[in-house]
Structures are given as C-alpha cells and as structure tokens.
Amino acid sequence: SAVISQKPSRDICQRGTSLTIQCQVDSQVTMMFWYRQQPGQSLTLIATANQGSEATYESGFVIDKFPISRPNLTFSTLTVSNMSPEDSSIYLCSVSGAGLDYGYTFGSGTRLTVV
Amino acid sequence: QQPVQSPQAVILREGEDAVINCSSSKALYSVHWYRQKHGEAPIFLMILLKGGEQKGHDKISASFNEKKQQSSLYLTASQLSYSGTYFCGTESLHEKTSYDKVIFGPGTSLSVIP
C-alpha cells in the first residue's frame, strides 16, 4: 500500500489566519481525499482532489474556505483559510489503494488548534 | 448519507467474541472496515464488494449482504490489541463525478480488558 507523508503533524494558529497542510504520496495516485475528524468523532469527507481538475467538495465545505491544490499525481495541499476555533480538528489526507482489494491509506493527520 | 453502526461501544474480556454491524439506506457496492487507535490514523482491515461475500484473516472476518445493505464485522477470541474504534465505510457512486467516495459510519468503540 501507499505511504503518505503528511505535515505539519500539529499546529496552533491564531484566528483569522490560514494554514496549509501538505500530503506527499510515495506513488502516483489518481485521487486524493481530504477528511476532517473532530475528537471522538467519525471522519467527514471534505473534498476529493483529482489531478488536473478542480477538487470536488462535499456539502458544507466550500473552496473559499478549504482551497485544495493537486499539482501532480503524488502531492496535494489543503488550506484552512480565515480560521476560527470551530476549525480546530484533525485533518487527514488519504488515497485509495490499487486494485479492488485495497482500502484507503491515511496520512498521519494534522492536529489543528485555533486560538 | 452516513451509515449506521451498532453498538456504539462494547467492552470485552480477552478471548470473548464481538460483532459490529453497519447498515446504509443507500445502494452500495462496497463496504470498508477500519480500526483506529487513539492518536493514530485509521488502519484498513478489509473491503467487501457487492455480490455478497465473506472475508477474513486471522480472527477478524466480515460479511456483506448487498440486498440488505448491511455488513457485519466479527472479532473472535479477542486480544488486547483489538482495542480501538472500528469504522465502517460505505462506497457508492459519487453523484457529480461518478467515481467513488467512502463515507464513514460514526464508529464503534471496542475495549478489550484482561
């Protein structure tokens, strides 16, 4: 399965600022997925990033707030813009495995605290 | 639409068995199962594809009833290492793009005690 390097692992940010999270995959993948996980909660899909096209956002998430870049098949960034304390969460990128028998591999996550 | 999981939480003694259920109101063509330990990323356990099948490795297995849109994860002879939160993830065609996305259930907290 793919190996994902995600950074930063954690950050404490001031409200009103922006943070960019990076994910690097050790192999080429068509789609990358960005999830958010509140402490003790499930994973909520933010958007799907497909190389060469605009990201597809889920209901409740907009591009102005969570712009995503996907410049090539091994890299993606998620920016959390104009942050508020409600954005405090864990953000994870993931990729789908190759073939029908493989699930998602996740990055180690970015724990974001907005103060 | 988020799948439903039951139970919310379960406590087992080592060696006991457990079943975690996952159901969806949408037509599915696959169900994923993941385990997440505190402070770590989810780890993929197995995927079941439509066609109705059962899979397993070691003492963890799962079934998928496509017609009922339900899946169950079976943990037998539980070990301390099985503790964590188990998520099912259901996969159906994305309305806008026609490719897949996985929607995760709320999770089942499983604690195995000596």
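In case you missed it, the structure is sitting above this.
Here is a short report on the structure shown in this document. Computed from a predicted structure; not experimentally measured. (Residues numbered from 1 in each chain as written. Chains lettered and ligands numbered in written order. Predicted model: local features only at pLDDT ≥ 70, side-chain atom pairs only at ≥ 80, totals over all residues. Heavy atoms only, no water.)

**Some words on the overall build of chain B**
Then comes step 1: Within chain B one finds 0 helices and 11 strands.
Then comes step 2: For 114 residues, the compact-globule estimate of 2.2 N^0.38 gives 13 Å, and the C-alpha radius of gyration of chain B, at 14 Å, lies within 12% of that figure.
Then comes step 3: Its C-alpha atoms give chain B principal-axis dimensions of about 50 × 30 × 20 Å.
Then comes step 4: Counting across all 114 residues of chain B, residues that qualify as buried make up 46%.
Then comes step 5: The contacts of chain B with a sequence gap of at least 6 include a subset with a gap of at least 24, amounting to 55%.
Then comes step 6: The centroid of the 11 positive side-chain charges in chain B is displaced by 5 Å from the centroid of its 10 negative side-chain charges. (Helix = DSSP H or I, 4+ residues; strand = E, 2+ residues; numbered from the N terminus. Rg over C-alpha atoms; globule rule 2.2 N^0.38 Å. Buried < 20%, exposed > 50% of the residue type's maximum accessible area, 1.4 Å probe, protein only. Contact = heavy atoms within 4.5 Å. Lys, Arg positive; Asp, Glu negative; His and termini not counted. Charge placed at Lys NZ, Arg CZ, Asp CG, Glu CD.)

**Description of the environment of Ile11 of chain B**
All names here are of chain B.
Then comes step 1: Its location among the elements puts Ile11 in strand 2 (residues 9-13).
Then comes step 2: A relative accessible area of 64% places Ile11 in the exposed class.
Then comes step 3: A sequence separation of 10 residues divides Ile11 from Asn21, and the C-alpha atoms of the two residues are 15 Å apart.

**Observations concerning the interface of chain B and chain A**
Then comes step 1: Between chain B and chain A, the contact holds 21 residues from the first and 22 residues from the second.
Then comes step 2: Buried area between chain B and chain A, both sides added, is near 1,700 Å², and the carbon and sulfur share of it is 58%.
Then comes step 3: Connecting chain B to chain A are 1 salt bridge.
Then comes step 4: Between Lys101 of chain B and Glu58 of chain A there is a salt bridge, with the nearest N and O atoms lying 2.5 Å from each other. (Buried area = accessible area lost by both parts, 1.4 Å probe. Salt bridge = Lys/Arg side-chain N within 4 Å of Asp/Glu carboxyl O.)

**Describing the sheet that holds strand 3 (residues 18-23) of chain B**
All names here are of chain B.
Then comes step 1: Taking strand neighbours across the sheet as the criterion, the 5 strands line up as 1-3-8-7-6 in an open arrangement whose pairing is antiparallel. Every interior strand has two partners, whereas the edge strands, strand 1 (4-6) and strand 6 (53-57), have only one. Shown here is a sheet whose adjacent strand axes are inclined to one another by a mean of 15°, direction ignored.
Then comes step 2: Relative to strand 3, strand 1 is paired through 3 bridges, and the arrangement is antiparallel. (Pairing = 2+ DSSP bridges. Axes fitted to C-alpha atoms, helices over the stretch in contact; angles between N-to-C directions.)

**Considering unusual backbone geometry**
Then comes step 1: The amide bond that connects Lys7 of chain A to the next residue, Pro8 of chain A, takes the cis arrangement and shows omega of 5°.
Then comes step 2: Along the chain, the position of Pro8 of chain A falls in the loop between strand 1 (4-7) and strand 2 (10-13).
Then comes step 3: Geometrically, the link from Ser6 of chain B to Pro7 of chain B is a cis peptide bond, its omega value of -5° lying close to zero.
Then comes step 4: For Pro7 of chain B, the location among the structural elements is in the loop between strand 1 and strand 2.
Then comes step 5: Positive phi, close to 55°, is recorded for Gln69 of chain B, a residue that is not glycine.

**Observations concerning the state of the cysteines**
All names here are of chain A.
Then comes step 1: Counting across every chain of the model gives 2 disulfides over all chains.
Then comes step 2: A disulfide bridge connects Cys23 with Cys93, and the sulfur atoms are separated by 1.8 Å. On the sign convention where negative is left-handed, the bridge of Cys23 and Cys93, at about -90° about the S-S bond, is left-handed. Of the two residues, Cys23 is situated in strand 3 (residues 19-25) and Cys93 in strand 9 (residues 89-96); the sequence distance between them amounts to 70 residues. Here the two residues Cys23 and Cys93 agree in accessibility, since each one is buried.
Then comes step 3: Here Cys13 is not disulfide-linked; the sulfur of Cys23 is the nearest cysteine sulfur, at 16 Å. (Disulfide = S-S within 2.5 Å.)

**Observations regarding the layout of surface pockets**
Then comes step 1: In this structure, the largest pocket encloses a volume near 500 Å³.
Then comes step 2: Among the secondary structure elements, those contributing two or more residues to the lining of the largest pocket are strand 9 and strand 11 (110-114) of chain A together with strand 9 (84-93) and strand 11 (108-113) of chain B.
Then comes step 3: Tallied by class, residues from the lining of the largest pocket come to 6 nonpolar, 16 polar and 4 charged.
Then comes step 4: In this model, the second largest pocket occupies a volume close to 280 Å³. (1 Å grid on protein atoms, 1.4 Å probe; cavity = no way out; pocket = protein on both sides within 12 Å on 5 of 7 lines; lining within 4 Å. Points joined across faces, edges and corners; volume = space filled by probe spheres on them. Nonpolar A, V, L, I, M, F, W, Y, C, P; charged D, E, K, R; others polar.)

Geometric descriptors of this kind do not, in isolation, establish any biological role.
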